[in-house]
Amino acid sequence: MITRLFPHIPQFLVAWGVFVACGLIYYVIRQVRSGARFSLKSLYHQIIPFDVRSERSFHADMKVYAIDSFTGVLFAAPGLLLTGAIGLAVYRRMSDLVALPTASFPLVAAPACAMIMFVLAELSDWFFHYLEHKVPELWELHKLHHAVELLNPFTARRLHPVSLILNGLARGLISGVPAGLLMFIFGITIAEILALSLVASKIFSVTSLNPLKHSHHPISFGPFDRLLISPHMHQAHHSRLDAHIDKNFGTNLAVFDWLFGTAHQPQPGELIEFGLSGYDSTHLEEYFSLRGAYLQPLINSAALFQRRMASRRYSRS
């Protein structure tokens, strides 16, 4: 019953389990190197370096996460439906044009289909994330995710619903046609295509230590940062320092950041300051209420869009 009410509980437990375990490992390594005495207080602060009772940013993260646990599937639905609609349309069109003999789905094709759909999803996520930082109306929505001055596993879901819907639709536009072609070539259903993509995404999320990307643990993959977005790379993405702004847009794969010149591989000990550049703590606190998380970003985005349209009409007159 509980898992039905909170479909993200398994991910929640895994994310926080990894978060706490990593903090424990860091503490043990530090104590061994320094020879300091064990202390429950210092262990706690190593694992959770903020006051969970008074930190408003953390409370806001929990509220948004709880709401997303009930509504996240609704925001994902439009993108999935668009992928399916485009895929089915391409499949039917190809079937009308070319007649292929009916064949069973070769097992060896499953990894290939999964990787193709996964890479397309990563490309779509990179592109939309890039637009979120470059298009003012989208940035007003995405600022919610960057307004935190501390990172924790809840932060991963601190995303505006409209951003989630638009990102899903972008995925559908980019991956719909390839999905239809794979359906036609291998004789599989759209549901199987989406399932394979999900499996590949989960595998790479585990490989890239996704639960630690929103944490204070600066874990790098060294030379493999060329392939995967490490926790340290994503933490740099959340930094408000000039060297880190508009860097590392990838979700799991880093290859598109390196390809398009938006990658930054932070060095050991490199200073990272979480938050929004040019905004003081008072302004950031506007995002810590439910109004600031859901309604105000929409108002700000709509106001920017109206001014843009008014400016265009004035320039044409």
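Our subject is the structure listed above.
Since the model is a prediction, treat every value here as computed from it, not as a measurement. Counting from 1, residues in each chain are numbered in the order their sequence is written. Local features in this predicted model are restricted to residues of pLDDT 70 or higher, and side-chain atom pairs are both shown and tallied only at a pLDDT of 80 or more, whereas totals for entire chains, interfaces and linings draw on every residue. Side-chain measures were taken over the full set of non-hydrogen atoms in the model, leaving aside hydrogen atoms and water.

A. Summary view of the overall build of the protein. A count of helices and strands for the protein gives 12 helices and zero strands. Secondary structure elements of the protein, listed N to C terminal, follow the sequence α-α-α-α-α-α-α-α-α-α-α-α. The C-alpha atoms of the protein give a radius of gyration of 22 Å, which matches the 20 Å a tight globule of 317 residues would have. Viewed in the frame of its principal axes, the protein has a C-alpha envelope of about 75 × 60 × 45 Å. Any two residues whose heavy atoms approach within 4.5 Å at even a single point are treated as in contact. Within the protein, contacts between residues at least 6 apart in sequence are counted, and of these 71% link residues at least 24 apart. Total accessible area computed for the protein in this model is approximately 17,000 Å², and 68% of it derives from carbon and sulfur atoms. Across the protein, the mean location of the 26 positive side-chain charges is 3 Å away from that of the 21 negative side-chain charges. Starting at the N terminus, helices and strands are each numbered in turn, a helix being any DSSP run of H or I of at least four residues and a strand any DSSP run of E of at least two. Radius of gyration here is computed from C-alpha atoms only, and the compact-globule reference equals 2.2 Å multiplied by the residue count raised to the power 0.38. Under the convention used here, a 1.4 Å probe and the Shrake-Rupley method define accessible areas, while residue burial counts only the protein chains that appear. A residue counts as positive if it is Lys or Arg and as negative if it is Asp or Glu; His and the chain ends are not included. Lysine's charge is taken at NZ, arginine's at CZ, aspartate's at CG and glutamate's at CD.

B. Representation of the environment of Leu284. Here Leu284 lies in helix 11 (residues 281–284). Note: C-alpha distance between Leu284 and Ala147 (137 residues apart in sequence) is 5.6 Å. With residues up to four places along the chain from it excluded, the contact list for Leu284 reads Ala147, Glu149, Arg240, Leu276 and Tyr279.

C. Geometry of the packing of aromatic side chains. Planes of paired rings set the category: under 30 degrees apart is stacked, over 60 is edge-to-face and the rest tilted, where pairs are Phe, Tyr or Trp rings (Trp by its six-membered ring) whose centres lie within 6.5 Å. The final tally for this structure, using the stated rule, is 14 aromatic pairs. Ring geometry for Phe12 and Tyr65: centres 6.2 Å apart, planes at 50°, overall tilted. Here Phe12, found in helix 2 (residues 9–34), pairs with Tyr65, found in helix 4 (residues 56–97); they are 53 residues apart in sequence, far enough to count as distant. Each residue is assigned to one of three classes by its accessible area relative to the maximum for its type, calculated with a 1.4 Å probe on protein chains only: buried under 20%, partly exposed between the two thresholds, exposed over 50%. On the accessibility criterion, Tyr65 (11% relative accessible area) is buried. Measuring from ring centre to ring centre gives 6.2 Å for Trp126 and Phe249, while their planes differ by 90°; the resulting arrangement is edge-to-face. One end of the pair, Trp126, is in helix 5 (residues 109–134); the other, Phe249, is in the loop between helix 9 (231–237) and helix 10 (255–260), with 123 residues separating them in the sequence. By relative accessible area, Trp126 is classed as buried at 7%. Three or more aromatic residues joined by ring pairs make a cluster, and in this case those are Phe12, Trp16, Phe19, Phe50, Phe58, Tyr65 and Phe154.

D. Structural context of the pattern of salt bridges. Salt bridge, as used here, is a side-chain nitrogen of Lys or Arg placed within 4 Å of a carboxyl oxygen of Asp or Glu. All chains considered together, the criterion is met by 10 salt bridges. Between Asp125 and Arg171 there is a salt bridge, and its shortest N-O distance comes to 2.6 Å. With Asp125 in helix 5 and Arg171 in helix 7 (residues 161–186), this residue pair connects regions lying 46 residues apart in the sequence. When its relative accessible area of 33% is taken as the criterion, Arg171 is described as partly exposed. A salt bridge links Asp246 to Lys134; its shortest N-O distance comes to 2.9 Å. Linking Asp246 in the loop between helix 9 and helix 10 with Lys134 in helix 5, this pair joins segments that are 112 residues apart in sequence. Relative accessible area serves as the criterion here: at 42%, Lys134 is assigned to the partly exposed category. In the salt-bridge network here, residues are joined through shared partners; they are Glu149, Arg240 and Glu273.

E. Just the nonpolar core, in detail. Ranked by size, the top nonpolar core spans 11 residues in total: Trp16, Phe19, Tyr27, Leu43, Ile47, Ile48, Phe50, Phe58, Tyr65, Leu150 and Phe154. Of all the secondary-structure elements, those providing two or more residues to this core are helix 2, helix 3 (40–47) and helix 4. Every residue in contact with Phe50, bar those within four places of it in the chain, is listed here: Tyr44, Glu55, Phe58, Leu150 and Asn152. The definition of a nonpolar core used throughout is a set of buried Ala, Val, Leu, Ile, Met, Phe, Trp, Tyr and Cys residues joined through side-chain atoms within 4.5 Å.

F. A look at the packing of helix 4 against helix 7. Axes here mean lines fitted to C-alpha atoms, for a helix over just the part in contact, with angles spanning 0 to 180 degrees between N-to-C directions. The geometry of helix 4 relative to helix 7 is characterised by a closest axis approach of 7 Å and an angle of 30° between their N-to-C directions. Classified by the angle between their axes, helix 4 and helix 7 sit roughly parallel to one another. Relative to helix 7, helix 4 is oriented so that their crossing is right-handed. Any angle from 65 to 115 degrees is called roughly perpendicular, while one under 35 is roughly parallel, one over 145 is roughly antiparallel, and all others are oblique. By definition, any crossing whose near helix is turned counterclockwise from its far helix by less than a right angle is left-handed, and any crossing with a clockwise turn is right-handed.

G. Broad picture of helix 7. The end-to-end C-alpha separation of helix 7 is 35 Å, in line with the 38 Å expected for 26 residues at 1.5 Å each. Note on bend: at a given residue it equals the angle between the axes fitted to the 7 residues ending there and to the 7 starting there. Ser175 marks where helix 7 bends most, by close to 45°; the proline Pro178 follows one to four residues later. Immediately beyond the C-terminal end of helix 7, within one or two residues, lies Gly187, with a positive phi of roughly 70°. Any helix carries an expected span of 1.5 Å times its number of residues minus one.

H. Broad picture of the environment of Leu182. The topology assignment puts Leu182 in helix 7. For Leu182, a relative accessible area of 8% corresponds to the buried category. On a C-alpha basis, the gap between Leu182 and Lys63 in space is 40 Å, while along the polypeptide they are 119 residues apart. What Leu182 contacts, discounting residues up to four positions off in sequence, is Cys113, Ile116, Met117, Gly187, Ile188 and Ile193.

I. Structural detail: a nonpolar patch on the surface. Put simply, a patch holds well-exposed residues, over 30% relative accessible area, that have no salt bridge, with like charges counted together within 9 Å and Val, Leu, Ile, Met, Phe, Trp or Tyr side chains within 5 Å. A cluster of nonpolar residues, Leu24, Val28 and Val32, forms a patch on the protein surface that exposes about 270 Å² of accessible area. Its relative accessible area of 67% is what places Val32 among the exposed residues.

J. Molecular detail of the side chain of Lys143. One can find Lys143 in helix 6 (residues 136–146). Here Lys143 is in contact with Leu276, Tyr279, His283 and Tyr287, once residues within four sequence places are set aside.

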